[in-house]
Amino acid sequence: MSKYKNIESALIHGGIYGDEHTGAVNVPIYQTSTYEQPELGKHKGWEYSRTGNPTRAALEALIAELECGKAGFAFASGMAAITAVLSLFESGDKIIISSNVYGGTFRVLDKVFKNFGINYTIEDTTDLAGLDSKITPDVKAILVESPANPLLTVTDLSGVSEIAKKHGILSVVDNTFMTPYLQRPIELGADIVIHSATKYLGGHSDLVAGLVVVNDEALAERIAFIQNSTGGVLAPFDSFLLIRGIKTLGVRLDRHVANAEKAAEYLKLHRAVKQVYYPGLPDAQGYEINRRQAKNGGAMISFELYENYNIAKFFSSLRLIALAESLGGVESLVCHPASMTHASIPYEIRQKVGITDGLIRLSVGIESIDDLLFDLDQAIAESEM
Ligand SMILES: *Cc1c(COP(=O)(O)O)cnc(C)c1O
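Keep in mind the model is a prediction, meaning the values are calculated, not measured.

1. A short note on the site of the ligand
(1) Moving on: The ligand sits among 14 residues. The nearest are Met79, Asp174, Ser196, Thr198 and Lys199.
(2) Moving on: One of the side-chain nitrogen or oxygen atoms of Thr198 is found 2.7 Å away from an oxygen atom of the ligand.
(3) Moving on: Expressed as a share of its isolated accessible area of 380 Å², the protein-covered part of the ligand is 92%.
(4) Moving on: The leading source of residues in the shell around the ligand is helix H3 (residues 78-86), at three residues.
(5) Moving on: Tallied by class, residues from the shell around the ligand come to six nonpolar, five polar and three charged.

Shown next as structure tokens:
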């Protein structure tokens, strides 16, 4: 019988706990590229650190356990993880991505994989019937985010997996915004889960990392082969940092979400705010679906100020909240999707999917909520024209 039943404990004790040789409670950083082999044709399970490293292996076992999958893989960035997954496909294959997908995911498909004959189409994955009708014989996978960046659009993950299963194709979920603490796509039927672990899993804005979890042995073998062949692996020290970050994921997210719920309510009532996007608000798009498939609305909020507020002035007036790319760290960050995270998406597509120039994305940190609301309020006041 397992030593624990709940994810709060798995975050701390999951995967490979500590070091059996010394009793150290943390997995050591195996800072080595190679491993001495006792005799020709024999090794101790480790040959070369691109293929496998014990610190990375501990992290990979941990994320597989947390996501309830069969195997995990750690990469040097979220984009390296996405690239490894996209390397499963071949020339002539097509991948459906949801509108509002992470800008880098769109870019790697549009500017890199397209050159190798792997095509994509952008579809509204919130419309399941519409999505089903878009599955042509060349479509081999559906890649979604829920909630999706930056309008926090909710997609029914069980619904998407069912459509994928019906057509014999893969469903892939980028679970960066929720993490396994709030949402476990494999339990909802997904085949592959991807993370930019740079965000909540790392949680301290001090590393760049990516993870992949698969729920099938054959798929695991293929990803392991791609990981070893293309080589975008996570370093031992960064693997250690990520294991360290994941231990506090539960307590961090509890606070992130409590703050985000208060901030969303506050912004919704603010006279300067035209629109708030937060899946934890009962009148949000997909609120009921999100409630079914996730623990809560997460800690990302987007909002739009009315036209008589100067966006640039708003950003420059913030004193506590930093203007920066990225999200999911303990410190609150804001960004301007149109010119930052989603700048690689052409203007016409941005307008079509609702990423207006007035949109602000807020990654709510774990500071005092009173200090955060005070900062938002004074910056909004400063930006009134
Ligand atoms: C940041 C991010 C990525 C890319 O990850 P990197 O670690 O920056 O390479 C992919 N998907 C989502 C949803 C992200 O937020």
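2. Side note on the domain arrangement of the protein chain
(1) Moving on: Per the domain assignment, the segments making up the protein chain are domain 1 (7-247) and domain 2 (250-383).
(2) Moving on: A C-alpha centroid distance of 26 Å is found between domain 1 and domain 2.
(3) Moving on: Domain 1 puts 39 residues into the contact, and the matching count from domain 2 is 42 residues.
(4) Moving on: Contact between domain 1 and domain 2 buries roughly 3,200 Å² in total, counting both sides, with carbon and sulfur atoms accounting for 61%.
(5) Moving on: Applying the counting rule to domain 1 against domain 2 returns zero salt bridges.
(6) Moving on: Seen at the junction of domain 1 and domain 2, the total is 15 residue pairs in polar contact (both at pLDDT 80 or more).
(7) Moving on: Sorting the residues of the side of domain 1 that touches domain 2 by element identifies helix H1 (7-13), helix H4 (103-111), helix H6 (157-167), helix H7 (179-182) and helix H9 (236-247) as the ones contributing at least two each.
(8) Moving on: Grouping the amino acids of the side of domain 1 that touches domain 2 by side-chain chemistry returns 18 nonpolar, 17 polar and four charged.

3. Side note on the sheet that holds strand E12 (residues 359-363)
(1) Moving on: In space, the five strands of this open sheet follow the order E8-E9-E12-E11-E10, with mixed pairing throughout. Here the strands that pair on one side only, and so sit at the sheet edges, are strand E8 (273-277) and strand E10 (322-323).
(2) Moving on: On the sheet, helix H10 (residues 249-269) packs against E8 and strand E9 (300-305) and is oriented at approximately 15° with respect to E9.

4. Describing H6
(1) Moving on: Among all positions in H6, only Leu157, Gly159, Val160, Ser161, Ile163 and Ala164 are buried.
(2) Moving on: Buried residues along H6 sit in contact with helix H5 (128-133), strand E4 (139-145), strand E5 (170-174) and helix H11 (287-293).
(3) Moving on: The backbone nitrogen of Ser158 lies 3.2 Å from a side-chain oxygen of the residue at the head of H6, namely Asp156.
(4) Moving on: Backbone geometry just downstream of H6 places Gly168 in the positive-phi region, at approximately 65°.

What counts, and at which threshold
- Residues numbered from 1 in each chain as written.
- Predicted model: local features only at pLDDT ≥ 70, side-chain atom pairs only at ≥ 80, totals over all residues.
- Heavy atoms only, no water.
- Near = heavy atom within 4 Å.
- Polar contact = N/O pair within 3.5 Å; in protein donor to acceptor, adjacent residues only side chain to side chain.
- Areas by Shrake-Rupley, 256 points an atom, 1.4 Å probe, with all protein chains shown as cover.
- Helix = DSSP H or I, 4+ residues; strand = E, 2+ residues; numbered from the N terminus.
- Nonpolar A, V, L, I, M, F, W, Y, C, P; charged D, E, K, R; others polar.
- Domains from an automatic or database assignment.
- Contact = heavy atoms within 4.5 Å.
- Buried area = accessible area lost by both parts, 1.4 Å probe.
- Salt bridge = Lys/Arg side-chain N within 4 Å of Asp/Glu carboxyl O.
- Pairing = 2+ DSSP bridges.
- Axes fitted to C-alpha atoms, helices over the stretch in contact; angles between N-to-C directions.
- Buried < 20%, exposed > 50% of the residue type's maximum accessible area, 1.4 Å probe, protein only.

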